[in-house]
Amino acid sequence: MTLRTERHPDRDTVTSSIESVRPRGRKGADDRSRNADGSIRSPWSSVLARVLLIAMSLLFLIPIYWMVISALKGNSELAAFPPTWFPQWLDWSNFGKAIDAMPFFTFFRNTLIITVCVTLFSMVSNLVIAYGFSCLEWRGRDKLFYVVLATLFIPFPVTLIPMFDLYARLGWINTFLPLIVPSLFGSAFYVFLLRQFLLQIPKDLLNAARMDGASEWGILWRIVFPQAKAALVTVGIFAAVGAWNDFLGPLIYLQDENVQTLSIGLQIFRLNNSQDFQFNQLMAASVLIILPLVVLFFVFQRTFIKGVQIGSFK
């Protein structure tokens, strides 16, 4: 005996109508409310996570806030006790006095030249090196890459004297070359970051381009480069911040005042005002120095975070 099941057309129509009206984002919302093992996530966990993140962010924001309000305080209010959390009146003249206390624009020009060159050269050189370690097959590739990573553990003072002696023999002291030229040879950290991203590019895509007659340089600039923009922006921001805040390099190689940078300028400001130290003017100079980096980060914030995330997984 065979049982026959018939589909009711009206019932199917109603069912399909209900499915079409049902919100599509419900499944995504249910997935976000569950843990990795499938268990339901407690709503308090997200609240506690946000509270923890806010508390941790305050550890970084409070010193910056204190630096800004100290730069806007007068001398009398700066010495008041207990200290005030907001200036009674804003003394914008501290910024002008800080600029006049040192050759600020000369230091700013020198820092900008070094930072732009280091950023551009780091993005290009590390992309080429990472391409060779990820998209090209050659004998001993992985072993040599491990050697490159091992250079991360070499202390900087070990190479300080040999590099200074080399640059002195080349006549590069008191020039920007000792600070710019090393960026042409790549960095182990930047190579690792870019390599992790380039490993995600399908090999079939690269092989298809080779079969069509494309050269390796053509594949690099026409296929790999457009897809690696987020990772390159991340490398560029890291390189820019490192070059802008570098203190030891300019202190060693730049001995004349006309080629020194902003990081050395702060030390010069402190030495020139050691007898009558103006803390509010020092904070004003510090605000002017970090302001370009803050603007740079907020402009490329989304791309920077995306580049860090996509470079973290293979």
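Here the structure is shown first, and the text comes after it.
Keep in mind that what you see is a predicted model, and the values were worked out from it rather than measured.

One can describe the packing of helix α10 (residues 188-198) onto helix α13 (residues 229-245) by two numbers: an axis separation of 10 Å at closest approach and a directional angle of 165°. In terms of their interaxial angle, α10 and α13 are classed as roughly antiparallel. Where α10 crosses over α13, the handedness of that crossing is right-handed. Residue-level contacts link F189, Y190, L193, L194 and F197 of α10 to A231, L232, T234, V235, F238 and A239 of α13. Within the contact of α10 with α13, the residues separate by chemical class into 10 nonpolar, 1 polar and no charged.

This brings us to helix α5 (residues 93-100). Of all the positions in α5, only N94, F95 and A98 are classed as buried. Angularly, the buried residues of α5 cover 100° about the axis, an arc narrow enough to put them on a single face.

Once that is clear, we can look at the side chain of T111. Tracing the backbone through its elements, the reader meets T111 in helix α6 (residues 104-134). Within the local environment of T111, its side chain forms a polar contact with the backbone nitrogen of L262, the two atoms lying 3.0 Å apart. Those residues in contact with T111 that sit more than four places away from it in its chain are W244, T261 and L262.

Taken together, the side chains of I54, L58, L61, I62, I64, Y65, V68, W85, F86, L90 and W92 present a nonpolar region at the surface, about 1100 Å² in accessible area. For W92, the location among the structural elements is in the loop between α4 (75-78) and α5. On the accessibility criterion, W92 (55% relative accessible area) is exposed.

For the rest of this paragraph, the subject is the environment of W89. If you trace the backbone, W89 turns up in the loop between α4 and α5. Here W89 falls in the partly exposed class, since its relative accessible area comes to 48%. Taking the C-alpha atoms as reference points, W89 and L72, separated by 17 residues in sequence, lie 7.9 Å from one another. Once residues within four sequence positions are removed from consideration, W89 is found in contact with L72, G74 and E77.

Attention now goes to the packing of α6 against α10. Packed helices, taken two at a time, are described by the angle between their axes plus the distance between the axes. It is at 8 Å that the axes of α6 and α10 come closest, and there the two elements cross at 55°. On the basis of the axis angle, α6 is oblique to α10. α10 is crossed by α6, and the crossing has right-handed handedness. Across from N126, L127, I129, A130, Y131, F133 and S134 in α6, the residues of α10 making contact are Y190, V191, L194, R195 and L198. Of the residues assigned to the contact of α6 with α10, the class counts are 9 nonpolar, 2 polar and 1 charged.

Let us look at the pattern of salt bridges. When the charged atoms of two side chains lie near each other, side chains of opposite charge can form a pair. Tallied over the full model, the rule gives 5 salt bridges. Residue D142 is joined to R141 by a salt bridge in which the shortest nitrogen-to-oxygen separation is 3.4 Å. A salt bridge links D142 to R195, with the shortest nitrogen-to-oxygen separation between them at 3.7 Å. Taken together, the positions of D142 in helix α7 (residues 141-150) and R195 in helix α10 put the pair 53 residues apart, joining distant regions of the chain. Residue classification places D142 among the partly exposed positions, given a relative accessible area of 36%. Judged by its relative accessible area of 10%, R195 is buried. Each of E137, R141, D142 and R195 takes part in salt bridges that share partners, so that together they form one network.

The subject of this paragraph is the environment of I180. Inspection of the secondary structure puts I180 in helix α9 (residues 177-180). Between the C-alpha atoms of I180 and F121, which are 59 residues apart in sequence, the distance is 8.1 Å. If sequence neighbours within four positions are ignored, I180 has contacts with I114, C117, V118 and F121.

Reading the values: the criteria
- Residues numbered from 1 in each chain as written.
- Predicted model: local features only at pLDDT ≥ 70, side-chain atom pairs only at ≥ 80, totals over all residues.
- Heavy atoms only, no water.
- Axes fitted to C-alpha atoms, helices over the stretch in contact; angles between N-to-C directions.
- Helix = DSSP H or I, 4+ residues; strand = E, 2+ residues; numbered from the N terminus.
- Parallel < 35°, antiparallel > 145°, perpendicular 65-115°, else oblique.
- Left-handed = near helix turned anticlockwise from the far one by under 90°.
- Contact = heavy atoms within 4.5 Å.
- Nonpolar A, V, L, I, M, F, W, Y, C, P; charged D, E, K, R; others polar.
- Buried < 20%, exposed > 50% of the residue type's maximum accessible area, 1.4 Å probe, protein only.
- Arc of directions from axis to C-beta.
- Polar contact = N/O pair within 3.5 Å; in protein donor to acceptor, adjacent residues only side chain to side chain.
- Patch = residues over 30% accessible without salt bridge, like charges linked within 9 Å, V, L, I, M, F, W, Y side chains within 5 Å.
- Areas by Shrake-Rupley, 256 points an atom, 1.4 Å probe, with all protein chains shown as cover.
- Salt bridge = Lys/Arg side-chain N within 4 Å of Asp/Glu carboxyl O.

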